[in-house]
Amino acid sequence: MMIVRASAPAKVILFGEHAVVYGQAAIAVAINKRARVEIKTVPENNDLSIDNAEILLEARDLNLKAKINTRDGNITVLGNHPHHDKIVEATARLLELIKEHHGGEWPEPHVMTITSDIPRGAGLGSSAAVSVASTAALAAAAGIQLSKDEISRLAYEAEKIHHGTPSGIDNTISTHGGAVHFKRPDVTPFSIPSFPLIIGDTRKERETKAIVLGVRERKEKIPHVYNPLLDVFGNVVNEAYQVLKTTPLDLETLGHLFNINQGLLSAIGVSSLELEQLIWAARNAGALGAKLTGAGAGGSMIALIREDQISTVSQAIREAGGMPLSVTIDTKGVMVEQQ
Ligand code: PMV
């Protein structure tokens, strides 16, 4: 029996969200929460009714079960899963692309299982982590060696199914790990030392597209105010980039830059009461800096802390109504293991 396991990390945007849409730089880091994909062969005449050249795709947490025929890409949704989940469609697309560009055959029946410890819909890049881990696992199971850049490129195609026109930052950071400096069209991975962060999930779901559109409308109405603000976002990112590349890491300055970045995000109207409550709870508990991360208006915030502040700041976020998640920087990116 062949077993392949691949995993890929989640991400947070440290600096520059929203302004990045208008050509300013942004910085994202991978965090130590992972999506995992296992693919194994099962015998012919198995009791799961998986035929040759079929993959049974399962994600139990999502109540997702479907069969994909690797010859024609045909999808059969199984069980009582009410929606044809995008993960199934993205997996079928990945299979198609891998075959088209790299070949590979799937003569035996396979089971592909997706699990994840990344909260969904919280701006942490959960779908990109699944796409990256799936790409790596599918390629390895088909006996194909892919470079990290190829994995990221293919995963980007799966991300389009999830998000329409994604910027590409999520699949890049999830593939390479560490940190990326992103300034359209350039994505530059760079290495940074690991440091602790606390994420506070407001548990308020939001739609990135609508928030980005809101910023655009306000910017068009008052460009003389928005445009210089966007330039300051860029200055904050440039400063942060220098700090992040310098050892020992100046956490105090980084924390200060977090707070300035949050002020700018609030100025362009993407913060919310829920986010501010968690941000101030973290700051009052001693965090070096705190800001929303991702699109805002809900979703998550991040707090920069020292190692000994993990439990105090987590507790403060919990008491303010958020769900705290203690994380560190992931430096490995996508990982594959074959047996
Ligand atoms: O909500 P997220 O983590 O997908 O981040 C959105 C980041 C934005 O800058 C607001 C939009 C974008 O496409 O970069």
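Details of the structure are given in the entry above.
Figured I'd write up the structure that's included with this text. In this text, all values refer to a predicted model and were calculated from it rather than measured experimentally.

### Quick look at the site of the ligand
So, point 1. In the neighbourhood of the ligand, the contacting residues comprise Lys11, Ile13, Glu17, His18, Val20, Val21, Gly123, Arg206, Thr208, Val212, Gly294 and Ala295.
So, point 2. Residue Lys11 places a side-chain N or O atom 3.0 Å away from an oxygen atom belonging to the ligand.
So, point 3. Thr208 places a side-chain nitrogen or oxygen 3.2 Å from an oxygen atom of the ligand.
So, point 4. Elements with a minimum of two residues in the shell around the ligand: strand E1 (3-15) and helix H5 (208-221).
So, point 5. Here the residues of the shell around the ligand are counted per class, giving five nonpolar, four polar and three charged.

### Remarks on the packing of aromatic side chains
The description of an aromatic ring pair uses the distance of the two centres, along with the angle that the planes make with each other.
So, point 1. Enumeration over the complete set of coordinates arrives at two aromatic pairs.
So, point 2. Residues Phe15 and Phe258 carry aromatic rings whose centres are separated by 5.3 Å and whose planes lie at 80 degrees to one another, so their mutual orientation is edge-to-face. One end of the pair, Phe15, is in strand E1; the other, Phe258, is in helix H7 (residues 251-267), with 243 residues separating them in the sequence. The same class applies to Phe15 as to Phe258, namely buried.
So, point 3. Look at Phe190 and Tyr241: their rings are 4.9 Å apart centre to centre, the planes differ by 75 degrees, and that puts the pair in the edge-to-face class. Of this pair, Phe190 sits in strand E8 (residues 186-190) while Tyr241 sits in helix H6 (residues 223-244); the two residues are 51 residues apart in sequence, bridging distant segments of the chain.
So, point 4. The buried category is assigned to Phe190, whose relative accessible area is 11%.
So, point 5. Judged by relative accessible area, which is 14%, Tyr241 ranks as buried.
So, point 6. Just above the ring of Tyr241 sits the side chain of Lys245; from NZ or CZ to the centre is 3.9 Å.
So, point 7. For the cation-ring pair, Arg283 lies above Trp280, with the distance from its terminal atom to the ring centre recorded as 4.6 Å.

### Describing the layout of surface pockets
So, point 1. The calculated volume of the largest pocket comes to roughly 1,400 Å³.
So, point 2. Lining the largest pocket are 41 residues, with His163, Asp170, Arg206, Thr208 and Lys209 positioned closest to its centre.
So, point 3. Looking at the lining of the largest pocket, the elements that each hand over two or more residues are E1, helix H1 (86-102), helix H2 (126-141), helix H3 (148-163), helix H4 (169-176) and H5.
So, point 4. With four residues, the top contributor of residues to the lining of the largest pocket is H5.
So, point 5. Here the residues of the lining of the largest pocket are counted per class, giving 13 nonpolar, 16 polar and twelve charged.
So, point 6. Taken as a whole, the second largest pocket spans an internal volume of roughly 230 Å³.

### Considering the pairing of strand E7 (residues 179-183)
So, point 1. Extensive coverage of E7 is indicated by the burial of four of its five residues.
So, point 2. By the bridge criterion, four bridges tie strand E2 (residues 26-41) to E7 in an arrangement that is antiparallel. Looking at the pairing, Ala28 lines up with Val180 of E7.
So, point 3. Bridge count between E7 and E8: five bridges; the pairing is antiparallel. Bridge assignment links His181 to a residue of E8, and that residue is Thr188.
So, point 4. Between E7 and the antiparallel strand that follows it, E8, lie two residues.

Parameters and conventions
- Residues numbered from 1 in each chain as written.
- Predicted model: local features only at pLDDT ≥ 70, side-chain atom pairs only at ≥ 80, totals over all residues.
- Heavy atoms only, no water.
- Near = heavy atom within 4 Å.
- Polar contact = N/O pair within 3.5 Å; in protein donor to acceptor, adjacent residues only side chain to side chain.
- Helix = DSSP H or I, 4+ residues; strand = E, 2+ residues; numbered from the N terminus.
- Nonpolar A, V, L, I, M, F, W, Y, C, P; charged D, E, K, R; others polar.
- Phe/Tyr/Trp six-rings, centres within 6.5 Å; stacked < 30°, edge-to-face > 60°.
- Buried < 20%, exposed > 50% of the residue type's maximum accessible area, 1.4 Å probe, protein only.
- Lys NZ or Arg CZ within 6 Å of the ring centre and 35° of its normal.
- 1 Å grid on protein atoms, 1.4 Å probe; cavity = no way out; pocket = protein on both sides within 12 Å on 5 of 7 lines; lining within 4 Å.
- Points joined across faces, edges and corners; volume = space filled by probe spheres on them.
- Pairing = 2+ DSSP bridges.

Worth remembering: the numbers are spatial, not functional.
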